[in-house]
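Here are the chains, one letter per residue:
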Protein chains: 4
Amino acid sequence: MKLKERIHRFLHDEKLKRKLYVIIFESDTPAGKLFDVILIACILVSVLLVIIESLKGLPTYLTTPFVIMEFLFTGFFTFEYLTRIYCSPRPRKYIFSFFGIVDLLATLPLYIGLLFPGARYLLIIRAFRLIRVFRVFKLFNFLNEGERLLTALRESSKKIAVFFLFVVILVTSIGTLMYMIEGTQPNSQFNNIPNSIYWAIVTMTTVGYGDITPATGLGKFLSACVMLIGYTIIAVPTGIVSASMMKEYKRRRDKECPNCHRSGHEDNAEFCKYCGHSLDPSETKAEEK
Amino acid sequence: MKLKERIHRFLHDEKLKRKLYVIIFESDTPAGKLFDVILIACILVSVLLVIIESLKGLPTYLTTPFVIMEFLFTGFFTFEYLTRIYCSPRPRKYIFSFFGIVDLLATLPLYIGLLFPGARYLLIIRAFRLIRVFRVFKLFNFLNEGERLLTALRESSKKIAVFFLFVVILVTSIGTLMYMIEGTQPNSQFNNIPNSIYWAIVTMTTVGYGDITPATGLGKFLSACVMLIGYTIIAVPTGIVSASMMKEYKRRRDKECPNCHRSGHEDNAEFCKYCGHSLDPSETKAEEK
Amino acid sequence: MKLKERIHRFLHDEKLKRKLYVIIFESDTPAGKLFDVILIACILVSVLLVIIESLKGLPTYLTTPFVIMEFLFTGFFTFEYLTRIYCSPRPRKYIFSFFGIVDLLATLPLYIGLLFPGARYLLIIRAFRLIRVFRVFKLFNFLNEGERLLTALRESSKKIAVFFLFVVILVTSIGTLMYMIEGTQPNSQFNNIPNSIYWAIVTMTTVGYGDITPATGLGKFLSACVMLIGYTIIAVPTGIVSASMMKEYKRRRDKECPNCHRSGHEDNAEFCKYCGHSLDPSETKAEEK
Amino acid sequence: MKLKERIHRFLHDEKLKRKLYVIIFESDTPAGKLFDVILIACILVSVLLVIIESLKGLPTYLTTPFVIMEFLFTGFFTFEYLTRIYCSPRPRKYIFSFFGIVDLLATLPLYIGLLFPGARYLLIIRAFRLIRVFRVFKLFNFLNEGERLLTALRESSKKIAVFFLFVVILVTSIGTLMYMIEGTQPNSQFNNIPNSIYWAIVTMTTVGYGDITPATGLGKFLSACVMLIGYTIIAVPTGIVSASMMKEYKRRRDKECPNCHRSGHEDNAEFCKYCGHSLDPSETKAEEK
């Protein structure tokens, strides 16, 4: 019964939890900062390990240390993940947050890799943990910019969805047309419709590998038309995002001071020009706490 | 004489017509929704059939069922097309509308394919029927976005036309110049002017297949110039569309409430902030009915 | 002495001049319109002739008629050019205008081609005469759009020039760096600096032929960096042109009525909303005449 | 002791310094202009020398004169660099300015090249000295445009940094995924992760060399998805820069007259429309001196 009690006590040790929380989730204290720097270094090294491992000419005496290091890193990340769940005030919220899922996915592939060898390379998903780097180095502004970027994109997501459905339908039709024109040639690379659709996408997006190219005159003419269409079409998402971003800027300009409720501040103003209050609404909330 | 009368009665059976109309054209009732979902599934399957059929490695025992299924789908679409004409209150308007033409084109290729085997692949045009998907799932907003996109594009269509004529003339001239420079080389791929124009389009649009590339020093220098020109030119349609889209946004902002005729609403406002009336003019029309 | 007098009279026959002017320069009368349509048809046919002639598989019995037709067309264009000079009220202005120079260049290559055979293909410059098509079919609006486009571009020409000098310097440096890295490889395609600069331009503009590609790891890494830089740099001319075009739109919005001098009209307004006068300043000038 | 005194006097000869300063740093006097024109000619010739030298087919009797000329140019640039330091009123500021560093780097490679032969090609860095061309030909407006461009870019640099980190993480993940899919094929070009990441960058930036292309169906499907993603992503930096540039324009419009402090001038206005004072703030400063 003693062990059970101990576990219970451990699971409800609020002091320890808060201490760990400050170290793991925050980066204002020296310990918290040190932890975050070590974490980012570990992520970088483990991502590099996966990349280096894929090189064919790697000497065999390096294989064993690499496998050992990978297990060590995965063990560390697993331990860290469990600790995060343990010390988080709302564990569920953390588990289903973006970072929670990435933290979990960063540990799983090695365990899955014991069953399916190839899956080990999925460890590369750890790279997404590097987004934390902004938080560690107090680059909040960067994260704000990222959020504004996302807001601008999210607002235009409907337009982009309509645009994509249209592109998919167009590409399917053009691919089939090219298959009908070029597919009859001997040794043609347009040997089936999926390949032709692949060609249409390669062409419309102006990537142009050149692994599949038209050989007949009619095929070349149609290709030229597809390119000129793609040329105009490439302007549409750019236009959507540009317009969205302009709106974002304008909205920021029209932002109200949370204190005196007057607007008309400069774009990069951080304090109200009438009352000197910070224009960042999140700080007002922080004060109210 | 009895048959004639029956046909006449059938052709003027307004009750049946309305019932069918609700099922086929609308998707608010369970029956209407079911019909639309089945229709979209059929379109998707039949498009996939055409694509799969083009794969060379397809086992021969699948050929017969595929042909049968294609006939079944075409039969169903033909029947649906005729029913749509039958139950539409204004059949002519439907026949010459965008969807009416697509619905017809979605059935013809198989019949033409009986005469010209290759034409069967044109069945892929059915893909365009998938645009209905937005209506079925009540994604009206998406369609609205699409319309706004089209409005923005239509407004800049004149500019784009001028731009295209200019590009065509430029590309013809550059192609001929490259033919004069590179065409004299043995085994040159610039062996005639149409091929050189094709190369110029491939280069100006930044697709760059690499199937035709300059070999001489002068040819490479001219190519580099063409690329740098294309680099600047690609900015023009983007600029046109961006500016157009910005105007669209502004116009929406300036939109008047259809009830109290006051303007100045937020971009994504759906109700007038003064009188609470819906800002969507189409709804006002619906009310007036 | 009689001949001299006749020539003098002919050169000062104002009636004939005005008559010819209406036919050749304008297209409001049936004769003028007919002349312009014939002219455009001739240009199109002669451009097509040049293109077809370059095809290698052309049967030999077509060579003679083609040469004859080319001489006929050139004769017609030369005669037309001289007539234009003759009937133009200010011949000098015409000769040194854009169309005057193009009209001259459209006739010269065949004459030069008698000395240098290859030069004949320069006849393709006739394609530029097709810009007249807008005037003939009363597509003035299109020309207006073209002018607005040019105004927008001209205003940003300084920025684009600075941008280009920067790109040229960047491309030279990157090309030399790649020559130092890749040039030592056996059979490398980076075998001299001009080729490497050509590669740098092909890469930065995202054309990417693939005729010259890096082989070493360091070369690939540098290429990847160049691409990502090119990715951001491609945004600059687009941004310049977009911003320029937006200004253009705004200026049009702010346009004053030439009659009552009030502004604030809608973008696509053609008449003043206060006094009903046309907003097109060119028409006001026409009235004043 | 006499020599020491002479050196001391030379180092503090303010008259000579001012005279040299006017010639070397400014270009308003005939001597200053002449010096700048000669300097630019020297830079151009020496850059061309480096490029020509890399051509393989160069006759051997040209090697010696080329080496001699390179030493002469480097000697001249070294002397010029030392003179600039000598006559600059604040030598430190010059040494650590952009042009100071470029001027130093323009001379070093030849000296380093005596030890490491390949390093000589770094002389190409001289090309950056050509930016002076704008100053010499009084193209200040161009430099202003360049600065405005840089301001616009600098403001969006945070957004672009966030965007780049995201692209790097995305490209690493996609590259690894493709390595897992395509790497098992015999003779696959996706033979290690770095190569696959290189492919991902080549594809996402729409360069598309075609030296590495997917061979399997699944690989082609994933490639198509990557291209369509890249298609949308290419819109983001363009949108950022466009929006930034629009703000720049607007700010200029809102600029105050430095004399009467009224704003609302036209975009390209150079003088206040109320008091006629120059709107260029730098001129006001010059007057105050």
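Criteria and cut-off values
Residues numbered from 1 in each chain as written. Chains lettered and ligands numbered in written order. Predicted model: local features only at pLDDT ≥ 70, side-chain atom pairs only at ≥ 80, totals over all residues. Heavy atoms only, no water. Helix = DSSP H or I, 4+ residues; strand = E, 2+ residues; numbered from the N terminus. Contact = heavy atoms within 4.5 Å. Areas by Shrake-Rupley, 256 points an atom, 1.4 Å probe, with all protein chains shown as cover. Least-squares fit on C-alpha atoms with pLDDT ≥ 70 in both. 1 Å grid on protein atoms, 1.4 Å probe; cavity = no way out; pocket = protein on both sides within 12 Å on 5 of 7 lines; lining within 4 Å. Points joined across faces, edges and corners; volume = space filled by probe spheres on them. Nonpolar A, V, L, I, M, F, W, Y, C, P; charged D, E, K, R; others polar. Buried area = accessible area lost by both parts, 1.4 Å probe. Salt bridge = Lys/Arg side-chain N within 4 Å of Asp/Glu carboxyl O. Polar contact = N/O pair within 3.5 Å; in protein donor to acceptor, adjacent residues only side chain to side chain. Buried < 20%, exposed > 50% of the residue type's maximum accessible area, 1.4 Å probe, protein only. Patch = residues over 30% accessible without salt bridge, like charges linked within 9 Å, V, L, I, M, F, W, Y side chains within 5 Å. UniProt positions renumbered as here; feature names shortened; annotations may be inferred. Phe/Tyr/Trp six-rings, centres within 6.5 Å; stacked < 30°, edge-to-face > 60°. Lys NZ or Arg CZ within 6 Å of the ring centre and 35° of its normal. Domains from an automatic or database assignment. Core = buried A, V, L, I, M, F, W, Y, C linked by side-chain atoms within 4.5 Å.

Regarding the overall build of chain A
Part 1: If you tally the helices and strands in chain A, you get 14 helices and zero strands.
Part 2: When the helices and strands of chain A are read in sequence order from the N terminus, they spell out α-α-α-α-α-α-α-α-α-α-α-α-α-α.
Part 3: For chain A, contacts bridging at least 24 residues in sequence account for 52% of all contacts bridging at least 6.
Part 4: Accessible surface, chain A: about 15,200 Å² in total, of which carbon and sulfur atoms supply 67%.

As for the relation of the copies chain B and chain A
Part 1: Between chain B and chain A, the superposition needs a rotation of 90° and an axial shift of 0.1 Å, giving an RMSD of 0.1 Å. The two molecules are tied by a four-fold rotation axis, judged by turn and shift.
Part 2: A different interface surface on each copy is seen, since only 16% of the contact residues of chain B are contact residues in chain A too.

Thoughts on empty space enclosed by the protein
A probe matching the size of a water molecule, rolled over the atoms, marks out where space remains unfilled.
Part 1: Throughout the structure, instances matching the rule amount to six cavities of 30 Å³ or more.
Part 2: Volume-wise, the largest cavity comes out at about 140 Å³.
Part 3: If you go around the largest cavity, the residues you meet are A:Thr206, A:Ile234, A:Thr238, B:Thr206, B:Ile234, B:Thr238, C:Thr206, C:Ile234, C:Thr238, D:Thr206, D:Ile234 and D:Thr238.
Part 4: Of the residues belonging to the lining of the largest cavity, the class tally is four nonpolar, eight polar and no charged.

Some points on the interface of chain B and chain A
Part 1: On the side of chain A, 46 residues touch chain B, which itself brings 50 residues to the contact.
Part 2: Overall, the association of chain B and chain A removes approximately 4,400 Å² of surface from exposure, summing both partners, and the carbon and sulfur fraction of that is 74%.
Part 3: Taken together, the links from chain B to chain A amount to zero salt bridges.
Part 4: At the level of elements, helix H3 (30-53), helix H9 (140-155), helix H10 (157-182), helix H11 (193-204), helix H12 (217-233) and helix H13 (235-253) of chain B are the ones that each hand at least two residues to the side of chain B that touches chain A.
Part 5: Broken down by element, the side of chain B that touches chain A gets its largest block of residues, 10 residues, from H13(B).
Part 6: Here the residues of the side of chain B that touches chain A are counted per class, giving 32 nonpolar, 11 polar and seven charged.

Digging into the side chain of D:Asn195
Part 1: With respect to the secondary-structure elements, D:Asn195 resides in helix H11 (residues 193-204).
Part 2: Looking at D:Asn195, its side chain comes within polar contact range of the side chain of C:Lys220, at 3.0 Å.
Part 3: Not counting residues up to four positions away in its chain, the partners in contact with D:Asn195 are C:Lys220, D:Gln189 and D:Ile212.

Some points on the pattern of salt bridges
All names here are of chain A.
Part 1: Within this structure, the stated rule accounts for 12 salt bridges over all chains.
Part 2: The salt bridge partner of Arg-84 is Glu-80, with a shortest N-O separation of 2.5 Å. Here Arg-84 pairs with Glu-80, and both are found in helix H4 (residues 63-87), just four residues apart, close to one helical turn.
Part 3: A residue is classified by how much of its surface remains accessible, and Arg-84, at 0% relative accessible area, is buried.
Part 4: You can call Glu-80 buried: its relative accessible area is 2%.

A closer look at a nonpolar patch on the surface
Residues and elements named next belong to chain A.
Part 1: Taken together, Val-67, Phe-71, Ile-101, Leu-104, Leu-105, Leu-108, Tyr-111, Ile-112, Leu-114, Leu-115 and Phe-116 make up a surface patch of nonpolar side chains, about 980 Å² in accessible area.
Part 2: Within the residue set of the nonpolar patch, elements represented by two or more residues are H4, helix H6 (98-105) and helix H7 (108-113).
Part 3: Within the secondary structure, Ile-112 is located in helix H7.

Details of the UniProt feature "transmembrane region" (unreviewed entry) in chain A
All names here are of chain A.
Part 1: Feature annotation in UniProt places "transmembrane region" (unreviewed entry) on residues 34-52, 58-82, 94-115, 160-181 and 221-243, given in this structure's numbering.
Part 2: Along residues 94-115 the backbone is 73% helical and 0% strand, and the end-to-end C-alpha distance reaches 28 Å.
Part 3: Between the first and last C-alpha atoms of residues 221-243 the distance is 34 Å; the span itself is 96% helix and 0% strand.

Observations concerning the packing of aromatic side chains
Working definition: an aromatic ring pair is given by the centre-to-centre distance plus the angle between the planes.
Part 1: Throughout the structure, instances matching the rule amount to 36 aromatic pairs over all chains.
Part 2: Seen in terms of ring centroids, D:Tyr21 and D:Phe25 are 4.9 Å apart; in terms of plane orientation they differ by 25°. Their pairing is stacked.
Part 3: Under the relative-accessibility criterion, D:Tyr21 is labelled partly exposed at 26%.
Part 4: With relative accessibility at 17%, the residue D:Phe25 sits in the buried group.
Part 5: When the centroid spacing of 5.5 Å and the interplanar angle of 65° are considered together, the rings of D:Phe98 and D:Phe99 count as edge-to-face.
Part 6: The structure contains a cluster of three or more aromatic residues connected by ring pairs, namely A:Tyr21, A:Phe25, A:Tyr81 and A:Tyr94.
Part 7: Positioned over the ring face of C:Phe25 is C:Arg84, at 5.1 Å from the centre of the ring.

Quick word on the domain arrangement of chain A
Part 1: Under the domain assignment used here, chain A contains domain 1 (1-144) and domain 2 (147-253).
Part 2: Just the C-alpha atoms count here: the centres of domain 1 of chain A and domain 2 of chain A sit 39 Å apart.

Observations concerning the nonpolar core
Part 1: Among the nonpolar cores identified, the biggest contains 253 residues, and A:Trp199, B:Trp199, C:Trp199 and D:Trp199 are the most heavily contacted of them.
Part 2: In this view, B:Trp199 contacts B:Ile174, B:Met178, B:Phe190, B:Ile212, B:Pro214, B:Ser223 and C:Tyr209; residues no more than four positions away in its chain are not counted.

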